Amino acid sequence: MTEVKLTVNGVARSDEVEPRLLLVHYLRETLGLRAANVGCDTTSCGACTVLLDGESVKSCTVLAVQANGRAVTTAEGVVNADGTLGVVQQAFREEHGLQCGFCTPGMVMAVTGLLAENPRPTEQEVREGLEGNFCRCTGYHNIVRAALNAAARLQGAVPSGTVPSNTEVSA
Amino acid sequence: MIPASFEYEVATSAQHALALLAEHGEDAKLLAGGHSLLPMMKVRLAQPAVLIDIARVPELSGIRVDGDEIVIGATTRHADLASSEVLAAEVPILAYAAAQVGDPQIRHRGTIGGSVAHADPSADLPMTLLALGATIEITGPAGTRAVGVDDFFTGPFESVLQPDEILSAIRVPRHRDDKAGAGQTWGYQKFVRRANDWAIVGVAACDGRVALASMGGTPLRAHATEDALRSGASIQEAAQLAAVGTSPGADFHADADFREHLARVLTRRALEGRTG
Ligand SMILES: Cc1cc2nc3c(=O)[nH]c(=O)nc-3n(C[C@H](O)[C@H](O)[C@H](O)COP(=O)(O)OP(=O)(O)OC[C@H]3O[C@@H](n4cnc5c(N)ncnc54)[C@H](O)[C@@H]3O)c2cc1C
Ligand code: FES
Ligand code: FES
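If you're wondering where the values come from, they're calculated on a predicted model, not measured in any experiment.

Calculation notes
Residues numbered from 1 in each chain as written. Chains lettered and ligands numbered in written order. Predicted model: local features only at pLDDT ≥ 70, side-chain atom pairs only at ≥ 80, totals over all residues. Heavy atoms only, no water. 1 Å grid on protein atoms, 1.4 Å probe; cavity = no way out; pocket = protein on both sides within 12 Å on 5 of 7 lines; lining within 4 Å. Points joined across faces, edges and corners; volume = space filled by probe spheres on them. Helix = DSSP H or I, 4+ residues; strand = E, 2+ residues; numbered from the N terminus. Nonpolar A, V, L, I, M, F, W, Y, C, P; charged D, E, K, R; others polar. Domains from an automatic or database assignment. Near = heavy atom within 4 Å. Polar contact = N/O pair within 3.5 Å; in protein donor to acceptor, adjacent residues only side chain to side chain. Areas by Shrake-Rupley, 256 points an atom, 1.4 Å probe, with all protein chains shown as cover. Core = buried A, V, L, I, M, F, W, Y, C linked by side-chain atoms within 4.5 Å. Buried < 20%, exposed > 50% of the residue type's maximum accessible area, 1.4 Å probe, protein only. Contact = heavy atoms within 4.5 Å. Phe/Tyr/Trp six-rings, centres within 6.5 Å; stacked < 30°, edge-to-face > 60°. Salt bridge = Lys/Arg side-chain N within 4 Å of Asp/Glu carboxyl O. Pairing = 2+ DSSP bridges.

Participant: Can you explain the layout of surface pockets? Please cite residues and give values.
Facilitator: In this structure, the second largest pocket spans a volume of roughly 1000 Å³. Looking at the second largest pocket, it is lined by 38 residues, and the ones nearest its centre are Glu128, Gly129 and Glu131 of chain A together with Pro104 and Arg107 of chain B. Where the lining of the second largest pocket is concerned, the elements lending two or more residues are strand S4 (55-58), helix H3 (104-117), helix H4 (123-129) and helix H5 (141-154) of chain A together with helix H3 (78-82), helix H5 (92-99) and helix H6 (104-107) of chain B. If you tally residues by element for the lining of the second largest pocket, the top one is H4 of chain A, at five residues. Across the lining of the second largest pocket, the residue classes break down as 15 nonpolar, 12 polar and 11 charged. Both domain 2 (58-173) and domain 3 (186-271) of chain B contribute no fewer than three residues apiece to the lining of the second largest pocket.

Okay, structure coming up:
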């Protein structure tokens, strides 16, 4: 066993783990944070996306020990302090950016990471930025709208709730 | 899928990593980004007894200018190459190629050294470094040796790297704007059918050197094309020779004939300076 010390959603954690424990299993099973899903388990689908020191990673392909000393953020961690949905989550809700919801925690974290790196992405940049996240339900258009909606809100351009949900997005 | 059990060691310096390699012998493997190794360990294609994590060694990471070369530390990540101002200014093809690897999450973890050491003939960076005429710096018990990229890859997933050695850095010749203001002349083509996939065929062309991915057991130079260009052939004519001397395989994406066709078409586009 190896000791890991890290912060998860701002909370300091310290655990003895087997080196082979994957970060996604550490989050889901050791900590009970079940937002990050295991979809493909082969680094393809992005359902397990979390932020590691603010950058998006696929937690099915990171060992918990590789996160030692670092900060992990999951979809649970982007909820506002009062329990209401965070900006990106709210944008997904408004734009109907989900159906079954399986991909959504990963999508929310991928969008959060993307907007941290590129606060004003074009539609094309959003599509390329989400290349590592698959959705089997929505056909992506509403997810792209949600990302652009979130970008506008984070820029303070649009107060909450005023982005028209039929924002033009090309096919 | 969960990898088989292993011991985990964190290297604090390149020398420490070498010592750990010496201590654990062939049972040990270096871990950089883990984005080739961990998937292989999950499916038991690799089952090392010890992983030596080199991703936290400061001296192995970063991009710096050294005289006529740009030196890139082995654990520099794809995302850092893609966003590097030095590379954008002087070796834009390498920044572009790094941005074509997988997807953003993969680029936040995977490293240039891991990609080159892994020696996948369909990978983006090995092909690009071949087109650039890069030098691979290898550190072992006896010191550091430099191997030209043309001599580095020996077969599919095989190279001259020995189990007791570390790929420590990659040196790329600088392409400073010459007096006429002309920088690097380059083009890059990657043919894929799915998002975040490896090239079915890839072509990197840079200042008269042309390299191919997925056209044989290693990344390959298109020597016949390069020779034709040097003797004054048109791009169209030279690109027709792109598959000469290659030995592409067949898989569910493409058979060998289709790969040869792709090599010719993509080489023409790359020589025309196009990306895609
Ligand atoms: C879903 C998916 C899609 C991908 N798509 C692409 C793609 O489109 N194009 C592409 O080019 N690549 C692609 N990759 C591979 C990716 O680029 C990997 O990051 C890279 O091949 C390996 O780098 P790493 O740092 O993760 O290496 P690791 O997985 O840590 O190591 C790989 C191998 O190299 C050895 N090694 C690592 N560093 C060193 C070193 N410094 N010295 C000696 N040996 C070392 C390790 O022991 C291991 O054997 C993809 C990977 C995945 C999972
Ligand atoms: S479960 Fe990690 S990428 Fe699909
Ligand atoms: S909402 Fe079902 S997979 Fe995306």
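Participant: How would you summarise the site of ligand 1 if you had to cite specific residues and measurements?
Facilitator: Taken together, 31 residues lie around ligand 1, and Leu30, His35, Leu37, Thr111 and Asp124 of chain B are the ones closest in. Near ligand 1, the surrounding residues are drawn from chains A and B. At 3.4 Å from an oxygen atom of ligand 1 is found a main-chain nitrogen or oxygen belonging to Ser115 of chain B. At 2.7 Å, a side-chain N or O of Asp124 of chain B approaches a nitrogen atom of ligand 1. When ligand 1 sits alone it has 970 Å² of accessible area, and the protein chains cover 95% of it. Within the residue set of the shell around ligand 1, elements represented by two or more residues are strand S2 (28-31), helix H7 (112-118) and strand S10 (166-173) of chain B. At four residues, H7 of chain B tops the list of elements feeding residues into the shell around ligand 1. A breakdown of the residues in the shell around ligand 1 according to their chemical character gives 14 nonpolar, 13 polar and four charged.

Participant: If you had to explain the nonpolar core to someone new, which residues and values would you point to?
Facilitator: One finds Leu94, Val116, Leu129, Phe152, Ile170 and Val172 of chain B to be the most contacted residues of the largest nonpolar core, which totals 39 residues. Tallying contributions element by element places helix H8 (residues 124-132) of chain B first for this core, with six residues. Shared between two domains, this core holds at least three residues of each, these being domain 2 (58-173) and domain 3 (186-271) of chain B. Residues in contact with Ile170 of chain B, not counting those within four places in the same chain, are Ile70, Val71, Ile72, Ile112, Val116, Leu129, Ala134, Thr135 and Ile136 of chain B. Core analysis: the second largest hydrophobic core is formed by 31 residues, Val17, Leu31, Cys48 and Leu52 of chain A among them.

Participant: Lay out the packing of aromatic side chains with the relevant residues and their values.
Facilitator: Residue and element names in this part refer to chain B. All told, the structure shown has four aromatic pairs over all chains when counted by the stated rule. Centroid distance Tyr96 to Trp186: 5.6 Å. Interplanar angle 50 degrees. Geometry classified as tilted. Taken together, the residues span a long stretch of sequence, with Tyr96 in helix H5 and Trp186 in strand S11 (residues 186-191) at a distance of 90 residues. Overall, the relative accessible area of 22% leaves Tyr96 in the partly exposed class.

Participant: Tell me what's going on with the environment of Glu7 of chain B, and back it up with residues and numbers.
Facilitator: Mapped onto the fold, Glu7 of chain B is located in strand S1 (residues 7-10). In contact with Glu7 of chain B, other than residues within four places in its own chain, are His24, Ala49, Val50 and Leu51 of chain B.

Participant: Which residues make up the pattern of salt bridges, and what values go with them?
Facilitator: Overall, the coordinates contain 22 salt bridges over all chains when judged by the stated rule. Note that Asp41 of chain A and Lys42 of chain B form a salt bridge whose closest N and O atoms lie 2.6 Å from each other. Taken together, the residues Asp41 of chain A in the loop between helix H1 (23-30) and strand S3 (49-52) and Lys42 of chain B in helix H2 (residues 37-42) connect one chain to another. Of the two residues examined, Asp41 of chain A and Lys42 of chain B, each falls in the buried class. For Asp66 of chain B, the salt bridge identified is with Arg171 of chain B, shortest N-O distance 3.3 Å. With a gap of 105 residues between them, Asp66 of chain B in strand S4 (residues 63-66) and Arg171 of chain B in strand S10 connect regions that are remote in the sequence.

Participant: Quick one: what's the story with unusual backbone geometry, residue by residue and with numbers?
Facilitator: Of note, the phi angle at His96 of chain A is positive, near 55 degrees, even though the residue is not glycine. Here His96 of chain A lies in the loop between helix H2 (87-94) and H3. By relative accessible area, which is 56% here, His96 of chain A ends up exposed. Even without being glycine, Ser214 of chain B reaches a positive phi, approximately 65 degrees. Assignment of secondary structure puts Ser214 of chain B in the loop between strand S13 (209-213) and strand S14 (220-221).

Participant: Explain the pairing of S10 of chain B to me, and be specific about the residues and the numbers.
Facilitator: All names here are of chain B. By the criterion of burial, S10 is predominantly enclosed, with seven of the eight residues buried. Taken together, the five bridges between strand S6 (residues 135-140) and S10 define a ladder with antiparallel strand orientation. Bridge pairing in S10 links Glu137 to Ala169.

Participant: Which residues make up the side chain of Ser159 of chain B, and what values do they have?
Facilitator: Residues and elements named next belong to chain B. Examined against the element boundaries, Ser159 turns out to sit in strand S9 (residues 158-159). A distance of 3.2 Å separates a polar atom in the side chain of Ser159 from the backbone nitrogen of Leu161. Once you skip the residues sitting within four places of it in the chain, Ser159 turns out to touch Phe152, Phe153 and Thr154.

Read these as spatial facts, not as claims about activity.
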